[in-house]
Amino acid sequence: MEEQREILEQLKKTLQMLTVEPSKNNQIANEEKEKKENENSWCILEHNYEDIAQEFIDFIYKNPTTYHVVSFFAELLDKHNFKYLSEKSNWQDSIGEDGGKFYTIRNGTNLSAFILGKNWRAEKGVGVIGSHVDALTVKLKPVSFKDTAEGYGRIAVAPYGGTLNELWLDRDLGIGGRLLYKKKGTNEIKSALVDSTPLPVCRIPSLAPHFGKPAEGPFDKEDQTIPVIGFPSPDEEGNEPPTDDEKKSPLFGKHCIHLLRYVAKLAGVEVSELIQMDLDLFDVQKGTIGGIGKHFLFAPRLDDRLCSFAAMIALICYAKDVDTEESELFSTVTLYDNEEIGSLTRQGAKGGLLESVVERSSSAFTKKPVDLHTVWANSIILSADVNHLYNPNFPEVYLKNHFPVPNVGITLSLDPNGHMATDVVGTALVEELARRNGDKVQYFQIKNNSRSGGTIGPSLASQTGARTIDLGIAQLSMHSIRAATGSKDVGLGVKFFNGFFKHWRSVYDEFGEL
């Protein structure tokens, strides 16, 4: 108990250090009240920053693919009394006039969770956090079978985004994803998630530097970055010829029998029952807290499980406190797939799940058509995606006064050429939200001689017409197989996003017609 009190006192001191004192005396009482409410929130009282960081590390380790991540969040939402709505069903009878807490899933990789207050109306808009939940990976090809090479078993794979480069060499790679199967004697096709963790089933070996120039790269992604999965001998267990029953699977001949047997066993089905599969390779090494003073978090797949995790945990924190009977707000977190390859899929940001959820739920709630133009004109969307921490070894690539550092707070992403959706009102809005919530804001903008990355922000802004703000949690080594962020940054992200859901409407009202 004494240790818990010490942790809470330290958190209070930290929050006080990060708080910007208001300049107007008549605001002091309200600010102190709001700060006390923030300190008593779920994510502060029951967790310290290191606890939240460790929970994130466990989450990344146990949920290596997008399918696993969405399944994890679905289970978490179920536990916190969110009601599942099938996208294929009619929502008119599922959402009553009292509103409530709901979520829906598309394709197993695209999820939208929302809280609809009883007193909501179109003029109140929607408070949205959108984030992408896919991460750079390597995909098993539809036909992954390759002949053995001098006894080595190999599988054919394809890069998802910018992978299969030198960063993926000599890593311990697991395999996981979704299988489709049909049990014998039935006509129903079902799915199962599989994950080889902690076993690394393959590795892409580099060439020793002793061989000279061929070892230097860049390496051909088709012929020189092929994962090795084994070196089986003819008489070892599991290397038996395929049975007549196994040959009934439509996947037989497309993938090596050892792989089919392995993933079927993980799923608890027979090889003959396998119909199709979508499998990723991933780094199985677990994340960790690091640095002499434990200032950092090292882990794979930070981009963008980092903002996705923080946003969803923040929504669940907020849901524990909100009374939908009294609320007039509509709040949602929508997690998208396929951002890393352009978002132009049904489960990507350009597939319209957010727009569909808002339209269907609002009309079911009001029992009449809703003017969606009014809804979006009064809404705020946070496009939450990771951005770049300052790398001290490359100071020349950063714009002075426009780069974030670890363990300070959320970072606004700015770009005058439209690669980010943030405008001047959005910037001022986030700064005021942070002030009310006792947070600090950092800024990132590229130099004129650099190129910018992209986010889902411009897509969501152009599809809805809602004011959209690009921001996120900053990280080092973006698009590496293993990256880093501050050990406090997950908790700071949860805190900021939770404050967004609490205060966005009242803050945005201050901007009037802007």
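Located above this text is the structure these notes cover.
The notes below deal with the structure included here. (Residues numbered from 1 in each chain as written. Predicted model: local features only at pLDDT ≥ 70, side-chain atom pairs only at ≥ 80, totals over all residues. Heavy atoms only, no water.)

## Quick notes on empty space enclosed by the protein
Applying the stated criterion across every chain, the model contains five cavities of 30 Å³ or more. Here the largest cavity is characterised by a volume of approximately 160 Å³. As for the largest cavity, its lining consists of 20 residues, of which A135, L136, R301, S480 and I481 are closest to the centre. Those elements that provide at least two residues to the lining of the largest cavity are β10 (274-283) and α7 (302-321). Top element by residues in the lining of the largest cavity is β10. It accounts for three residues. Along the lines of polarity and charge, the residues of the lining of the largest cavity split into 11 nonpolar, five polar and four charged. (1 Å grid on protein atoms, 1.4 Å probe; cavity = no way out; pocket = protein on both sides within 12 Å on 5 of 7 lines; lining within 4 Å. Points joined across faces, edges and corners; volume = space filled by probe spheres on them. Helix = DSSP H or I, 4+ residues; strand = E, 2+ residues; numbered from the N terminus. Nonpolar A, V, L, I, M, F, W, Y, C, P; charged D, E, K, R; others polar.)

## Re the packing of aromatic side chains
Summed over the entire model, instances satisfying the criterion amount to 22 aromatic pairs. Through a chain of ring-to-ring contacts, the aromatic side chains of W91, F102, F114, W120, F330 and F365 assemble into a single cluster. The ring of Y160 carries the charged tip of K139 above its face, separated from the ring centre by 5.8 Å. A cation over an aromatic ring shows up here: R360 above the ring of W91, its NZ or CZ 4.2 Å from the ring centre. (Phe/Tyr/Trp six-rings, centres within 6.5 Å; stacked < 30°, edge-to-face > 60°. Lys NZ or Arg CZ within 6 Å of the ring centre and 35° of its normal.)

## Focus on the packing of helix α5 (residues 66-79) against α7
The geometry of α5 relative to α7 is characterised by a closest axis approach of 11 Å and an angle of 10° between their N-to-C directions. Judged by the angle between their axes, α5 and α7 are roughly parallel. Contact with α5, carried on its side by T66, V69, F73, L76 and L77, involves R305, S308, F309, M312, I313 and I316 of α7 and no other residues of that element. Partitioned by chemical class, the residues of the contact of α5 with α7 number eight nonpolar, two polar and one charged. (Axes fitted to C-alpha atoms, helices over the stretch in contact; angles between N-to-C directions. Parallel < 35°, antiparallel > 145°, perpendicular 65-115°, else oblique. Contact = heavy atoms within 4.5 Å.)

## Side note on α7
Over its 20 residues, α7 extends 28 Å from the first C-alpha to the last, a length consistent with the 28 Å expected when each residue adds 1.5 Å. The element α7 is extensively covered by neighbouring structure, given that 18 of its 20 residues are classed as buried. (Expected span 1.5 Å × (residues − 1). Buried < 20%, exposed > 50% of the residue type's maximum accessible area, 1.4 Å probe, protein only.)

## Considering the packing of helix α4 (residues 49-62) against α7
Contact geometry for α4 and α7: axes closest at 11 Å, N-to-C directions at 125°. Overall, the two elements α4 and α7 adopt an arrangement that is oblique. For α4 against α7, the interelement crossing comes out right-handed. Across from E55, F56, F59 and I60 in α4, the residues of α7 making contact are L302, R305, L306 and F309. Classifying every residue of the contact of α4 with α7 by side-chain character gives six nonpolar, no polar and two charged. (Left-handed = near helix turned anticlockwise from the far one by under 90°.)

## Points about the layout of surface pockets
The volume enclosed by the largest pocket comes to roughly 840 Å³. Lining the largest pocket are 35 residues; nearest its centre among them are H388, F444, R451, G453 and M478. Those elements that provide at least two residues to the lining of the largest pocket are β15 (387-388) and β18 (467-472). Here the residues of the lining of the largest pocket sort into 13 nonpolar, 14 polar and eight charged. Its volume calculated, the second largest pocket comes out at about 720 Å³. I229, C256, I257, H258 and L259 are, among the 31 residues lining the second largest pocket, the residues nearest its centre. Listing elements by their share of the lining of the second largest pocket, those giving two or more residues are β6 (153-160), β9 (228-230) and α6 (257-267). At six residues, α6 tops the list of elements feeding residues into the lining of the second largest pocket. Broken down by class, the residue content of the lining of the second largest pocket amounts to 15 nonpolar, nine polar and seven charged.

## A look at the sheet that holds strand β14 (residues 380-384)
Here we have nine strands laid out as an open sheet, ordered β1-β2-β3-β13-β4-β14-β18-β16-β17, and mixed in their pairing. Sheet topology places β1 (83-84) and β17 (441-444) at the edges, where each strand pairs with a single neighbour. In terms of strand pairing, strand β2 (residues 100-106) meets strand β3 (residues 110-116) through seven bridges, oriented antiparallel. Considered in β3, the bridge of G100 is made with L116. (Pairing = 2+ DSSP bridges.)

## Focus: α4
Taking 1.5 Å as the rise per residue, α4 with 14 residues should run 20 Å; its terminal C-alpha atoms sit 20 Å apart, in good agreement. Those residues of α4 not exposed but buried are Y49, I52, A53, F56, I57, F59 and I60. The buried residues of α4 occupy one face: seen down the axis, they fall within an arc of 160°. (Arc of directions from axis to C-beta.)

## Let's talk about the sheet that holds strand β12 (residues 296-299)
An order of β11-β12-β20 is seen for the three strands of this open sheet, with the pairing classed as antiparallel. Bordering the open sheet on either side are β11 (288-290) and β20 (483-486), each of which pairs with just one other strand. Taking each pair of neighbouring strands and ignoring which way they run, the sheet shows an average axis angle of 35°. Relative to β20, β12 runs antiparallel, the two being bridged by four bridges. The residue bridging F298 from the neighbouring strand is A484, located in β20. Contacts between α7 and the sheet are confined to β12 and β20, with β20 contributing the most and set at about 30° to the helix.

The values are spatial; any link to function lies outside them.
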